[in-house]
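Chain residues, written in single-letter form:
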Amino acid sequence: MARFTLNINGKQRQVDVDPEMPLLWVLRDELDMKGTKFGCGKALCGACTVHLNGAAIRSCVLPVSATVGAQITTIEGLSEDGSHPVQQAWMEVDVPQCGYCQAGQIMTASALLANNPKPNEEEVAAVMSGNLCRCGTYPRIKKAIDRAIELSR
Amino acid sequence: MTTHINRRKFIRVSGLSSAGLLLAFHLPGKNTQESVAEEVELNAYLKISTDGHIQIVAKNPEIGQGVKTSLPMIIAEELEVDWDQIEVVQAGADSRLGAQFAGGSMSVKTNWDALRNAGATAKAMLIQAAANEWKVSNADCYASAGVVYRKGKKKGKPYGDLVVAAAKLEVPKDVPLKAPADYKILGKSIPGVDNLALVTGKPLFGLDARPSGALIAVLQRSPVFGGVVESFDATAALQVPGVVEVVEVKASASKMQNRSSVAVLAKNTWSAMKGRSLLQVKWKVEEGQEESNRRIRSELDKLTNQKGEIELRNDGNVEEAFANAPTVLEATYEVPFLYHATLEPQNYFADVKEDSIYLSGSTQVPGGIPGLASRITGIPVDKITLDQNRNGGGFGRRLTADYAVEAIVLSQQLKQPVQVVWTREDDIHHDFYRPAGMYKFKGALDENGKLRAWHLRSATTSRYLYRGSTESPHTTEVFPDGFPAGFVPNFKMEYSPVATTVPTGAWRAPGHNATCFIDQSFLDELAHAADKDPVKFRLELLGNEDKTMPYADHGGPNYSTKRLRRVIEEAADWGGWWAPPTRFRHRGFAAHFMFGAYVAQVVEIQLDEKNWPIVKHVYAVVDCGILINKSGALAQLEGGIIDGLSAALYGGVKIREGRTKQDNFDTYPLLRYQEAPRIDIQILKSTERPEGLGEMTLPLISAALCNAIFAATGERIRSLPLKDNELYRKSS
Ligand code: FES
Ligand code: FES
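Going along each chain's sequence as written, the residues are numbered from 1 onward. Whichever chain is written first is A, and whichever ligand is written first is 1; the rest continue in order. pLDDT decides what is reported in this predicted model: residues at 70 or higher carry local features, side-chain atom pairs at 80 or more are listed and counted, and totals for whole chains, interfaces and linings draw on all residues regardless. Here the side-chain values reflect all heavy atoms present in the structure, with hydrogen atoms and water set aside.

A few points about the overall build of chain A
Next, step 1: In this description a helix means any DSSP run of H or I spanning at least four residues, a strand means any run of E spanning at least two, and both kinds are numbered starting from the N terminus. The helix and strand tally for chain A stands at six helices and five strands.
Next, step 2: Each helix and strand of chain A, placed in order from N terminus to C terminus, yields the pattern β-β-α-β-β-β-α-α-α-α-α.
Next, step 3: Taken over the C-alpha trace, chain A has a radius of gyration of 15 Å; the compact-globule value for 153 residues is 15 Å, and the two agree within 12%.
Next, step 4: Evaluated residue by residue, chain A yields a buried proportion of 62% over its 153 residues. Radius of gyration here is computed from C-alpha atoms only, and the compact-globule reference equals 2.2 Å multiplied by the residue count raised to the power 0.38. Accessibility here uses a 1.4 Å probe with only protein chains present; expressed as a share of the type maximum, an area under 20% marks a residue as buried, one over 50% as exposed, and anything in between as partly exposed.

A few points about the nonpolar core
Next, step 1: Only buried Ala, Val, Leu, Ile, Met, Phe, Trp, Tyr and Cys residues count toward a nonpolar core, and they belong to the same one when joined by side-chain atoms within 4.5 Å. Grouped together as the largest cluster of nonpolar side chains are 200 residues, with contacts concentrated most on Trp90 of chain A together with Trp454, Phe589 and Leu722 of chain B.
Next, step 2: Ranked by the residues each element gives to this core, the list is headed by helix H16 (residues 630-650) of chain B, at ten residues.
Next, step 3: Those residues in contact with Trp90 of chain A, other than ones at most four positions away along the chain, are Val95, Pro96, Gln102, Gln105, Ile106, Ala109, Ile141, Ala144 and Ile145 of chain A together with Val199 of chain B.
Next, step 4: By size, the runner-up hydrophobic cluster in this structure holds 51 residues, among which are Leu46, Ile127, Ala167 and Tyr183 of chain B. In what follows, a contact means two residues having at least one pair of non-hydrogen atoms within 4.5 Å.

Points about the domain arrangement of chain A
All names here are of chain A.
Next, step 1: Residue ranges labeled as domains rest on an automatic or database domain assignment. What the domain assignment reports for chain A is domain 1 (2-78) and domain 2 (85-152).
Next, step 2: When each unit is reduced to the centre of its C-alpha atoms, the spacing between domain 1 and domain 2 is 21 Å.
Next, step 3: Every contact between the two is made by 18 residues of domain 1 and, on the other side, 13 residues of domain 2.
Next, step 4: Summed over both partners, the accessible area (1.4 Å probe) lost when two parts come together is defined as the buried area. Buried area between domain 1 and domain 2, summed over both chains or domains, comes out near 1,200 Å², and the portion from carbon and sulfur atoms is 60%.
Next, step 5: The largest share of the area that domain 1 buries against domain 2 comes from Cys45, Ile75 and Leu78, three residues that together contribute 35% of it.

Quick word on the packing of aromatic side chains
Next, step 1: A pair of aromatic rings is counted whenever rings of Phe, Tyr or Trp (Trp by its six-membered ring) have centres within 6.5 Å, and the orientation is called stacked for planes under 30 degrees apart, edge-to-face for over 60 and tilted otherwise. Counted according to the given criterion, the structure contains 26 aromatic pairs over all chains.
Next, step 2: Through pairs of rings, three or more aromatic residues link up here, namely Tyr333, Phe441, Trp454, Phe491, Phe517 and Phe522 of chain B.
Next, step 3: It is Arg134 of chain A that lies over the ring of Phe395 of chain B; its NZ or CZ is 3.9 Å from the centre.
Next, step 4: Note on criteria: charge over ring means Lys NZ or Arg CZ within 6 Å of the ring centre, with the direction from the centre no more than 35 degrees off the ring normal. Taking NZ or CZ as reference, Arg716 of chain B lies 4.2 Å from the ring centre of Phe710 of chain B, over its face.

Concerning the packing of helix H9 (residues 369-377) of chain B against helix H10 (residues 402-414) of chain B
Residue and element names in this part refer to chain B.
Next, step 1: Packing of H9 against H10 leaves a shortest axis separation of 10 Å and a crossing angle of 40 degrees. Classified by the angle their axes make, H9 and H10 are oblique. For the element pair H9 and H10, the recorded crossing hand is right-handed. Residue-level contacts link Ile369, Leu372, Ala373, Ile376 and Thr377 of H9 to Ala404, Val405, Ile408, Val409 and Gln412 of H10. Axis definition: a line fitted to C-alpha atoms, over the contacting stretch in the case of helices. Angles run 0 to 180 degrees between N-to-C directions. Small angles under 35 degrees read as roughly parallel and large ones over 145 as roughly antiparallel, with 65 to 115 read as roughly perpendicular and the rest as oblique. Two helices crossing with the near one rotated counterclockwise from the far one by less than a right angle form a left-handed crossing, whereas a clockwise rotation gives a right-handed crossing.

Regarding the confidence of the model for chain B
Next, step 1: Within chain B, residue pLDDT values average 93, and 95% of them lie at 70 or more.
Next, step 2: Per the prediction output, this complex has pTM 0.95; the corresponding ipTM is 0.99. Every residue gets a pLDDT, meaning the predictor's confidence in that residue, from 0 to 100.

Observations concerning the domain arrangement of chain B
All names here are of chain B.
Next, step 1: As far as domains go, chain B holds domain 1 (7-185), domain 2 (206-286 + 346-421) and domain 3 (293-339 + 432-731).
Next, step 2: The straight-line distance from the C-alpha centre of domain 2 to that of domain 3 is 37 Å.
Next, step 3: Taken residue by residue, the interface counts twelve residues in domain 2 and 17 residues in domain 3.
Next, step 4: Throughout this description, the term salt bridge denotes a Lys or Arg side-chain nitrogen within 4 Å of a carboxyl oxygen of Asp or Glu. For the interface between domain 2 and domain 3, the tally reads zero salt bridges.
Next, step 5: Definition of a polar contact: a pair of N or O atoms within 3.5 Å, with one able to donate and the other able to accept a hydrogen when the atoms are protein atoms, and with sequence-neighbouring residues admitted only if both atoms are side-chain atoms. The interface formed by domain 2 and domain 3 holds three residue pairs in polar contact (both at pLDDT 80 or more) in total.
Next, step 6: Residues are grouped as follows: nonpolar covers Ala, Val, Leu, Ile, Met, Phe, Trp, Tyr, Cys and Pro; charged covers Asp, Glu, Lys and Arg; every other residue, Gly included, is treated as polar. Within the side of domain 2 that touches domain 3, the residues separate by chemical class into six nonpolar, two polar and four charged.

Re the interface of chain B and chain A
Next, step 1: With 58 residues of chain B in contact, the opposing surface of chain A contributes 52 residues.
Next, step 2: The junction of chain B with chain A conceals about 4,500 Å² of combined surface from both sides, 60% of it contributed by carbon and sulfur atoms.
Next, step 3: Applying the counting rule to chain B against chain A returns seven salt bridges.
Next, step 4: For Glu20 of chain A, the salt bridge goes to Lys274 of chain B, with nearest N and O atoms at 3.6 Å.

Side note on the sheet that holds strand E3 (residues 49-52) of chain A
The strands making up a sheet associate through hydrogen bonds between their backbones, and the pairing can be parallel or antiparallel.
Residues and elements named next belong to chain A.
Next, step 1: Pairing in this open sheet of five strands is mixed, and the strands run E2-E1-E5-E3-E4 from one edge to the other. With one partner strand each, in any of the chains shown, strand E2 (11-17) and strand E4 (55-58) form the two edges of the open sheet. Direction aside, neighbouring strands of the sheet carry axes that sit 40 degrees apart on average.
Next, step 2: By definition, two strands form a pair when at least two bridges between them are found by DSSP. Two elements, strand E1 (residues 2-8) and E2, share seven bridges in a ladder whose sense is antiparallel. The residue of E2 that forms the bridge with Asn7 is Gln12.
Next, step 3: Lying over the sheet, helix H1 (residues 23-30) contacts E1, E2, E3 and strand E5 (71-73), oriented at roughly 100 degrees with respect to E2.
Next, step 4: Against the sheet, helix H4 (residues 102-115) contacts E3, E4 and E5, and its axis sits at roughly 35 degrees relative to E3.

Some details on the sheet that holds strand E21 (residues 437-445) of chain B
All names here are of chain B.
Next, step 1: Strand order in the open sheet formed by five strands is E15-E23-E22-E21-E16, and the pairing between neighbours is mixed. What marks the edges here is a single partner per strand, and that holds for strand E15 (310-315) and strand E16 (327-335). Neighbour-to-neighbour, the strand axes of the sheet open up by a mean angle of 10 degrees, direction not taken into account.
Next, step 2: Pairing of E21 with strand E22 (residues 451-460), which is carried by nine bridges, proceeds in the antiparallel orientation. Across the sheet, the residue bridging to Lys440 is Arg457, located in E22.
Next, step 3: Relative to E21, helix H7 (residues 293-304) is tilted by about 30 degrees, and along the sheet it contacts E16, E21, E22 and strand E23 (490-497).

Side note on the environment of Arg210 of chain B
Next, step 1: Of note, Arg210 of chain B is situated in the loop between helix H4 (195-199) and strand E10 (215-221).
Next, step 2: Taking the relative accessible area as the measure of exposure, Arg210 of chain B reaches 14% and is therefore buried.
Next, step 3: Expressed as a C-alpha distance, the spacing of Arg210 of chain B and Gly361 of chain B, which sit 151 residues apart in the sequence, is 9.0 Å.
Next, step 4: With residues up to four places along the chain from it excluded, the contact list for Arg210 of chain B reads Asp29 and Lys34 of chain A together with Ile216, Lys267 and Gln419 of chain B.

Concerning the pairing of strand E13 (residues 261-266) of chain B
All names here are of chain B.
Next, step 1: Burial analysis of E13 places six of its six residues in the buried class, which makes it a mostly covered element.
Next, step 2: Neither face of E13 is open: one carries Ser261, Ala263 and Leu265, the other Val262, Val264 and Ala266, and all of them are buried.
Next, step 3: In this sheet, E13 lies alongside E10 in antiparallel orientation, the contact comprising six bridges. Bridge pairing in E13 links Gln220 to Val262.
Next, step 4: The pairing of strand E12 (residues 243-249) with E13 spans six bridges and is classified as antiparallel. The residue bridging Val246 from the neighbouring strand is Val264, located in E13.

Re the pairing of strand E4 (residues 46-49) of chain B
Here is the key point about a regular strand: its side chains alternate between the two faces of the sheet.
All names here are of chain B.
Next, step 1: Residues Leu46 and Ile48 line one face of E4 and the alternating positions Lys47 and Ser49 line the opposite face, and both faces are buried.
Next, step 2: The pairing of strand E3 (residues 39-43) with E4 spans four bridges and is classified as antiparallel. Along E4, the bridge assignment pairs Asn43 with Leu46.
Next, step 3: Pairing between E4 and strand E5 (residues 54-58): three bridges, direction antiparallel. Of the residues in E5, the one forming a bridge with Leu46 is Ile56.

Here's the deal with the environment of Asn111 of chain B
Residue and element names in this part refer to chain B.
Next, step 1: Inspection of the secondary structure puts Asn111 in helix H2 (residues 107-134).
Next, step 2: Given a relative accessible area of 6%, Asn111 falls into the buried group.
Next, step 3: Between the C-alpha atoms of Asn111 and Ser212, which are 101 residues apart in sequence, the distance is 36 Å.
Next, step 4: Not counting residues within four places of it along the chain, the set of residues in contact with Asn111 comprises Lys59, Asn60, Leu71 and Met106.
Next, step 5: Looking at Asn111, its side chain comes within polar contact range of the main-chain oxygen of Ser107, at 2.8 Å.

Observations concerning H4 of chain A
Residues and elements named next belong to chain A.
Next, step 1: Under the convention used throughout, the expected extent of a helix is 1.5 Å for every residue step, that is, one less than its residue count. Given a rise of 1.5 Å per residue, 14 residues ought to cover 20 Å, and the 20 Å separating the end C-alpha atoms of H4 matches this to within 8%.
Next, step 2: Across the 14 residues of H4, twelve count as buried, placing the element largely inside the fold.
Next, step 3: Turning to H4, its buried residues number three or more, namely Gln102, Ala103, Gly104, Gln105, Ile106, Met107, Thr108, Ala109, Ser110, Ala111, Leu112 and Leu113.

In structure tokens:
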């Protein structure tokens, strides 16, 4: 066990955990932030995506010890009221089916648009291909990303 | 949708007849002078408070099929309120609401009458209350947007002002229902009621629901199906910080409940997983150590080469027809075991106390779990509370409550609240897979290319046999009344079940996900052999006469050839079927009736340099009766196509040495973003009773896809998934 101070959604949070514990479980079990989802635990599905210094990463394979000093943003911190353009677009297009993958999809898409406000189709596909949606919402995710690009203008 | 933030406290007071009068008092903030509002339950499906707030109950589990939105829409329509006037609340297990489950695409169709009546009855009572107050006949009053008006008068009374009086009235019977032409909510696109909560990361799912203080349990089950714990060593596991206890869980008598296992209980999920990885368990395995796809395949092959165990249909005389026919076609089709892969792994929470139980977690059968818990613990059902949460997918996996039993048993054993969490590996290793099957066809055409005989010998690892059901093992595996049965003068269908230790269960569109592939592929083969256009061939078979065909399976008791013909014709026209193919675009077609709905699809593919199909565009035409939620319906139909495509391209569980050889999404791939085709769907206008749509487009896509591959390459795909098909194994 070890103590860590993490910077999550702009707040300092203290945890006392196994240094190997992936950030995903620190968020969910230690900090009771359940927005970040567990899908595979092996960086294969994207359900656990959060931002680390603005880049989309899979929190299920990132030991908490590796996140010290970094700025972590989770779905809860993207915007609390759903006003972020990606969240807005997701609601407008009515993307979610079961909804379980959507926090990860939104975090991946929002990191992409923050770094590349006008990605072309290939650039979007290259990034979004890392996020599985078992319900098959891909066509709507595509529409929602286009809409988010418009809304961010 | 309004969000009502007032905290409420309920006091149940005696109601009149079945309309319980449920009073609630707002708990005003300490220093405010807020007035007290009463909340009245006019029936089990809705509550109206005297301040005008309206709550409508979502009775069934939300697994992504949209019922948390669509079912309340039906009530709201008849209640005559605007959608933004209401709040949807998820029901817990509540026997007054009838069966609570998600399966067979039945939520809408089986609740249609009850939900309309719930809304219409409440509306009638509110109108009656107003009429009484105004001393006029109720025929002189009407409701609109949550207000009752007297004809000719501008000012009316809102429901909130009428509800206390309404609750004292006798519940009327046979209230009039709205005509579809007057619908204001049904047929519109209403976004999912949880969308805001979902995009802001609220804890909506089973896995999110762990109350603090609960232990997390991660279980080691036998890698070989049916294995039993012989002994275990937990020394290393217990040394992991956070691990609290390691206990054995005995298998239940039913194969559909929990398996023999060792549970590691910890204060957090990571510790439980780590502890589990350090367990040493010795397993005793009595049978099935050698079970494999190869063994099962040879058994399926053997059984489909001989007379079937069950003869399901025998019209005319197929043997004679084959002997005399100028053209006879034979073909063997195969489908693999499929994994459900709900993105949220299985999980369940149970808090078994001395004389009460609290339950929550992801399941498609919330209505059945209190009974299950009662049988296990002896605690009566009325002392058991169950809350429903969203499910991160279902697809049939969560019709089986094996993992819920694990939580109940562990909580009882440890006298502590326990949340059972499955890892992805657990989930793929211990699924109840879609049965594997083999299908041998023989078809005969006459001189004019007319279909004279159809003979199907099928065998599958029947899920009804697996679960030890008393029903025939062919149930949901093959459908003796499915098209083209009844249209071919000589028609025979036989079936044999194969016993295996590999667990099987319902997988989205059970049975149809295999039979539509084989039937619609073989019809395509016959059409080509007859030198006829595949769509024309189907239409010719159906004939021009409008017939009602008997259909004894789910979705029956019959189906209409008129409606089937219509989706076929519309899809062909709309999907550009009649235009000649281009060098880059090849088309495939399929049509199917299931669960009461009619679907036809045109698929357009392009081949890459290895002849692998890139699916460019899918057109689907659907007749599902009255449409409830347009956006939700389209989402289901799109999702079904993608799900079916994913299974056709990549699905397939590898069984060797009595166990599943894949562990995660690297070895069990699913379709990804860039592979999703463009999808266009047309839902035909209808005033027929609504049918579900969660499963209806799925079965067609594999057939339409493989028919398109044939059109493009002349190669016939008869075995799925595509990635393991000889055609692609050779070329890669
Ligand atoms: S849970 Fe992290 S990628 Fe799947
Ligand atoms: S919406 Fe269910 S997994 Fe994506």
